[in-house]
Amino acid sequence: MDFSEKLKLARRKTVESLPAEKGVVRTVTLFFSVSDGEKRAQVVHASGFPFEAVWQKACLQLREIMAREGLTGKWLRIDWVEDVEAVTWKELRRRLTKIKRNYFRHGLALDPELRIAFLEQELNGNAMLYGGNAIAHAVVNEKNFSIYARRRFGEATDPDFSDDRPVYILSTGGLFVDEEGACQALGPAGPNGGRRHVEKLSAGDVRSLIENSSSFLARQVRDDGLFVYGYHPCFDRQIAAYNALRHASTTYSMIEAWEITRDPALKVAIDKALGALEERLIKPATLPDGTAAAFLVEANGEIKLGGNAVCLLALVKYSEVTGTRRYLDLLERLASGILYLQDPETGIFRHVIHYPGLEPKEDFRIIYYDGEAAFGLMRLYGLTGDARWLEAVEKAFGHFIRAEHWKAHDHWLGYCVNELTRVRPDEKYYRFGVSNIADHLDFVLERITTFPTLLELMMAARQMIARLQADDANRHLLDAIDLDKFHRALHARAHYLLNGHFWPELAMYFANPAGIAGSFFIRHHAFRVRIDDVEHYLSGFVAYLKYLEAEPGEAETTGEPPSVWTAAEMEQATGGTWAVKPPQGWSAGGICPYAPAYRPGDMVVSRAHGEAKGIPLRSLGDLRPKPAAVLATAMDPALDRLGIPVLTVADTKKAVLALGHHARGKIGGKVIGITGSAGKTTCVAMLAHVLQAWGSVEQSRENANLPFGVAWNLASFDRRTKHIVMELAVGRMGQSARMARPHVAIFTNVLPAHLSETSTIADIAATKGAIFSGMEPGGVAILNRDMLEWQTVLRLAQRRGLQVLHYGSAEDCDYRLLSYSPSEGRVHAAIGGRDVVYGIGAAGAHMALNSLAVLAAVSAIGYPLETALPMLRTFAALPGRGQEIALELDNRRLTVIDDAYNANPGSMQAAIERLDDEDASGRRIAVFGQMAELGPQAPHYHTELAAIVNRSRIDRVYAVGDLYAGFWELLSPGKRAAHVEEPEQLKAMLVEELCDGDTVLFKGSNSTRIHEVVAWLRGLE
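Given the structure is predicted, the values throughout are model-derived calculations rather than measurements.

Quick look at the overall build of the chain
- Each helix and strand counted, the chain has 37 helices and 37 strands in total.
- Its C-alpha atoms give the chain a radius of gyration of 33 Å, within 12% of the compact-globule value 31 Å for 1021 residues.
- When the backbone C-alpha atoms are referred to their principal axes, the chain occupies close to 100 × 90 × 55 Å.
- A total of 1021 residues make up the chain; the buried ones form 57% of that total.
- Contacts spanning at least 24 positions in sequence make up 68% of the contacts within the chain whose residues lie at least 6 apart.
- On the chain, roughly 40,200 Å² of surface is accessible, and the fraction owed to carbon and sulfur atoms is 49%.
- Separation of charge centres in the chain, based on 114 positive and 125 negative side chains, amounts to 4 Å.

Regarding the packing of helix α9 (residues 305-322) against helix α11 (residues 367-384)
- The contact between α9 and α11 brings their axes to 8 Å, and the two run at 30°. Accordingly, the angle class assigned to the pair α9 and α11 is roughly parallel. In this structure, α9 crosses over α11, and the sense of that crossing is left-handed. Residues Leu 305, Gly 306, Ala 309, Val 310, Leu 312, Leu 313, Val 316, Lys 317, Ser 319 and Glu 320 of α9 pack against Tyr 369, Asp 370, Glu 372, Ala 373, Phe 375, Gly 376, Leu 377, Arg 379, Leu 380 and Leu 383 of α11.
- Of the residues assigned to the contact of α9 with α11, the class counts are twelve nonpolar, three polar and five charged.

Let's talk about the packing of helix α10 (residues 328-340) against helix α12 (residues 387-402)
- The interhelical angle for the contact between α10 and α12, taken along N-to-C directions, is 30°, at an axis separation of 11 Å. Relative to α12, the element α10 lies roughly parallel. Pair α10 / α12 crosses with left-handed handedness. Each of Glu 332, Ala 335, Ser 336 and Leu 339 in α10 lies in contact with α12, whose residues at this interface are Arg 388, Trp 389 and Ala 392.
- For the contact of α10 with α12, the class distribution of residues is four nonpolar, one polar and two charged.

Points about the packing of aromatic side chains
- Under the definition given, this model contains 31 aromatic pairs.
- Taken together, a centroid distance of 5.8 Å and an interplanar angle of 80° make the contact between Trp 89 and Phe 145 edge-to-face. Of this pair, Trp 89 sits in helix α3 (residues 89-96) while Phe 145 sits in helix α5 (residues 142-153), and the two are 56 residues apart along the sequence. In this structure, Trp 89 and Phe 145 share a single accessibility class: buried.

Some words on unusual backbone geometry
- The linkage connecting Phe 49 with the following residue, Pro 50, adopts the cis geometry, with an omega of 0°.
- Among the structural elements, Pro 50 can be located in the loop between β2 (42-48) and α2 (51-69).
- Here the residue pair Tyr 355 and Pro 356 is connected by a cis peptide bond, since its omega of 10° sits within 30 degrees of zero.
- Here Pro 356 shows up in the loop between β13 (352-354) and β14 (359-362).
- Even without glycine at this site, Glu 702 takes up a positive phi of about 60°.
- Here Glu 702 is to be found in the loop between β24 (697-699) and α27 (707-716).
- Classification of Glu 702 by relative accessible area gives partly exposed; the value is 40%.

Examining the UniProt feature "domain: Mur ligase C-terminal" (unreviewed entry) in the chain
- As recorded in UniProt, the feature "domain: Mur ligase C-terminal" (unreviewed entry) lies at residues 892-1005.
- Between the end C-alpha atoms of residues 892-1005 the distance is 28 Å, and the span holds 36% helix and 25% strand.

Brief notes about the nonpolar core
- Counting 176 residues, the largest nonpolar core has Phe 145, Phe 397, Phe 541 and Tyr 544 as the members making the most contacts within it.
- Ile 591, Tyr 598, Val 605 and Ile 771 belong to the second largest nonpolar core, which has 66 residues in total.

Looking at the pattern of salt bridges
- Per the stated rule, a full pass over the model turns up 56 salt bridges.
- The salt bridge partner of Arg 68 is Glu 69, with a shortest N-O separation of 3.6 Å.
- With a shortest N-O distance of 2.8 Å, Arg 94 and Glu 91 are connected by a salt bridge. Pair noted here: Arg 94 and Glu 91 are both in helix α3, with a separation of three residues, about one helical turn.

Quick notes on the sheet that holds strand β8 (residues 230-232)
- In space, the three strands of this open sheet follow the order β9-β8-β15, with antiparallel pairing throughout. One side of each edge strand has no neighbouring strand; the edge strands of this open sheet are β9 (237-238) and β15 (529-530).
- Across two bridges, the pairing between β8 and β9 is antiparallel. Residue pairing in the sheet places Tyr 231 in a bridge with Gln 238 of β9.

Here we look at the environment of Met 1
- Among the secondary structure elements, Met 1 is positioned in the segment before α1 (3-17).
- Separated by 333 residues in sequence, Met 1 and Leu 334 have C-alpha atoms that sit 54 Å apart.
- Setting aside residues no more than four positions away along its own chain, Met 1 makes contact with Lys 6, Leu 9, Glu 179, Glu 180 and Gly 181.

Re the environment of Lys 57
- Relative to the helices and strands, Lys 57 resides in helix α2.
- Taking the relative accessible area as the measure of exposure, Lys 57 reaches 47% and is therefore partly exposed.
- C-alpha separation for the pair Lys 57 and Glu 993, spaced 936 residues apart in sequence, amounts to 87 Å.
- With residues near it in sequence (within four places) discarded, Lys 57 still touches Ala 46 and Ser 47.

With respect to α9
- Compared with an ideal rise of 1.5 Å per residue, which puts 18 residues at 26 Å, α9 spans 26 Å between its outermost C-alpha atoms and is within 8% of the ideal.
- Where burial is concerned, most of α9 is hidden: 16 out of the 18 residues are buried.
- Remark: Gly 323 follows α9 within two positions and exhibits a positive phi of approximately 85°.

Comments concerning the sheet that holds strand β21 (residues 629-632)
- Across the sheet, five strands lie side by side as β17-β22-β21-β20-β19; this open sheet has mixed pairing. Looking along the sheet, the strands with just one partner apiece sit at the ends: β17 (577-580) and β19 (590-592). On average, each strand axis in the sheet is tilted by 30° relative to the strand beside it, whichever way the strands run.
- Relative to β21, strand β20 (residues 602-605) runs parallel, the two sharing three bridges. Each residue of the ladder has a partner; that of Val 604, found in β21, is Val 630.

Quick notes on the state of the cysteines
- Under the defined criterion, the tally for this structure stands at zero disulfides.
- No disulfide involves Cys 59; its sulfur sits 14 Å from the nearest other cysteine sulfur, which is in Cys 183.
- You can call Cys 59 buried: its relative accessible area is 11%.

Structural notes on helix α33 (residues 905-917)
- Its 13 residues give α33 an end-to-end C-alpha distance of 18 Å, which sits within 8% of 18 Å, the value for a rise of 1.5 Å per residue.
- Residues of α33 that are buried include every one of Pro 905, Ser 907, Met 908, Ala 910, Ala 911, Ile 912, Arg 914, Leu 915 and Asp 916, and no others.
- Next to the buried residues of α33 lie α31 (845-861), β32 (883-889), β33 (892-899), β34 (924-928), α34 (938-951) and β37 (999-1003).

Examining the side chain of Arg 105
- Within the secondary structure, Arg 105 is located in the loop between α3 and β4 (107-109).
- A polar atom in the side chain of Arg 105 sits 2.7 Å from the side chain of Glu 120.
- Only 2.9 Å separates the side chain of Arg 105 from the backbone oxygen of Gly 193, close enough to count as a polar contact.
- Ignoring sequence-local partners within four residues, the contact set of Arg 105 consists of Glu 120, Ala 189, Gly 190, Pro 191, Gly 193 and Arg 523.

Thresholds applied
Residues numbered from 1 in each chain as written. Predicted model: local features only at pLDDT ≥ 70, side-chain atom pairs only at ≥ 80, totals over all residues. Heavy atoms only, no water. Helix = DSSP H or I, 4+ residues; strand = E, 2+ residues; numbered from the N terminus. Rg over C-alpha atoms; globule rule 2.2 N^0.38 Å. Buried < 20%, exposed > 50% of the residue type's maximum accessible area, 1.4 Å probe, protein only. Contact = heavy atoms within 4.5 Å. Areas by Shrake-Rupley, 256 points an atom, 1.4 Å probe, with all protein chains shown as cover. Lys, Arg positive; Asp, Glu negative; His and termini not counted. Charge placed at Lys NZ, Arg CZ, Asp CG, Glu CD. Axes fitted to C-alpha atoms, helices over the stretch in contact; angles between N-to-C directions. Parallel < 35°, antiparallel > 145°, perpendicular 65-115°, else oblique. Left-handed = near helix turned anticlockwise from the far one by under 90°. Nonpolar A, V, L, I, M, F, W, Y, C, P; charged D, E, K, R; others polar. Phe/Tyr/Trp six-rings, centres within 6.5 Å; stacked < 30°, edge-to-face > 60°. UniProt positions renumbered as here; feature names shortened; annotations may be inferred. Core = buried A, V, L, I, M, F, W, Y, C linked by side-chain atoms within 4.5 Å. Salt bridge = Lys/Arg side-chain N within 4 Å of Asp/Glu carboxyl O. Pairing = 2+ DSSP bridges. Expected span 1.5 Å × (residues − 1). Disulfide = S-S within 2.5 Å. Polar contact = N/O pair within 3.5 Å; in protein donor to acceptor, adjacent residues only side chain to side chain.

Dropping the structure here:
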């Protein structure tokens, strides 16, 4: 496409993209940038109105420069100003101290008419806000700023940087037209700003990144096999240093890429690099015992443990993909060198020695070396099967585990433990691998730098997790990881790495665009491009491509929380209007009504005056990262200052309900609704855990089980998920059910709870039975056959035309509990005319009953029970709902059963029976808070518990509240510990009276604050 056609295309796309306000004449500022790839882009800009006049003025300037410089216009970029903020230089400098260097994502102008103005990319490409690597934050580099300003606007230009002088911060949008005439929309100001907008990171996109970056590395290999080590691209300065270790590791990544691309030029470059490695960088040595060894040696004579390791990786990979055996002898000698650096007793590696005398230099330098060494030996073991290498790795891992190396979250250790668990699927190694990532997900999601090794870490962990999910003996270790969050973080990091790629629309602003285009950079190091920087991006994307191509239906993603909501869909669903419009391509993952539930990618609900729902306006600015948008009843100056889209609606509560209804219509997976007086939340968690065996699962968050909570949960679920498990409470049940529209409903029980002065248990049963009103005839109702008001609930289900399955201990149950062994955690049940025995990870007969409801739901969906049973064994009780905690208090070992989230007569009896069944080494202690919402019979329900406790093996009881007065009178005197009015009164008593070996149950309604005593006790440990 010739340049005139590019301009026509760019004009049409610009007109379509410019923000427009009906009836408002806006000043337009357009930037035109052009480059042939050999030199830094030429940039012109013009301001004014109407649009056509500004366009023609800028075109005229551009044509003059192109004629003068002899440019054909290979790359054309158009930017337009969307927002201007006036500040002083003093204020700008203050802000820059809060921004990481090179992370200022705006342009700047020196006058209100924007006559002297610069794009963000011009600022970056000319180091105008960079003060050197000794200053962590952005800083005005007055020298570079002035040099470029004079070059762009003439020698008479003399910027005044005085503190009180104004400067104008620009937010821009843009587009880019490449040499083939393809037009790319560019992201707006922000983390993804200035480069092409990629909605879905597809396998094709990733393959292109791999081809471009591996081709860049191939071009860096000189005729002698050594690399051009790197560049400072602002001024096209080569990095003069060299690092043999990075030579080898970069070559390894190129071999990984060649396995995919089979590019002949890349293969030639690899062979040259390996030749230099073998002939110049690896040196022979004879160990003290006469063993022949080899070491990678740096120019200063250092032998680094990691150097030999990455040589193994490169040569093993090359041997695998080519089938050659020529390197086997060298691999043996390199591995022998690694073993020389390992203490045979402790497994500890020495990190640095000196060549040729092999004198010790540093015992420890960086944790990378440990992971690299173990990973290299594992890969060699995979090639040759020589047990020496595996034995050395297991010795090393003994040290890694003792030293808690997982706290480093090192990607090399992640690679290694993934390989080790393939051949040694031991719990201790899997546990190390899980710990290496489990508490690091927020960092992966939120890290502002691209940090490419994070993708490598996540991809290695993903392979291990996939095997763990199929490993019955060790699957329980995955309880430590939020798997949905893990996959969200994995895709988000892959997507975020696009911000480290030198797309041509970014490279064109640097001194030698063609020299860096297609590579990857490190932004906070002045956009440094170094071979090892590119290596880590490349290896991560190679692994990611294999994942996408293996699981194309599940893996392709935007990289952000699932892009459920578009701007148009939000308006359609709510009837609202965008007061502050979102940028082109905007999307959001869900809706959040209060701060503790906030997740990156969410829209948030602003609390309206007089409303209880939503996040207070003053708190919205504290959310990190910024919300995708705000839902509000009216525009407010404080909202405008947030700098994020705002959707105004007549009523936020009604809008959220509308979003829930709309989202439910888009969900294609199975929806299971769960209700009952007790056990709902645990049953939701247990079923969600089990259904993971068949694919993705979403479940109710934050116990949001009333219509508003059901709505925001539905609006936040990934619509592609295969299963949704929701908790539905008695309040306005019909409204919740008609919104959730479950395919399967589980009804756990009906107990005296939520009673008013006039309501009865039958009323509760009928109200909860409204869950069936949201179901289609032919759906499945799973009912507890032992519950009160069984006939009432059964009639409601039958009246709706539902298929009924029942569970419990009665003889005619479809899923019948025959026995439960607390000591073994074993359930014996009769299901479909056959005896079934299985283990369950959560203690208590009530948990055994929950498991039968879960199995009934699994069958109702159409899945085999054989797959579900091992999942039940790995389920653990939730905090506040029966979780068992081991504590040590002043050398006294205690077992705490935290069942303090809620209570009613049925759940109290279940908790008492569980404590009675507990195989305790010491005393059984019960701490009871009152049961709330029991109506006028509340004292009676509390008093009834005395007989149950008196029959049990509970040794001592602490009771809180006046409702236990009758209970205390009937309780056996030998079991009485204390009856107090407030939970705070218990604290000193428990510290004084609890003994080594005691098992302590905490049980009560949430409003009685017994859970606070549990938290306090845990804090004493």
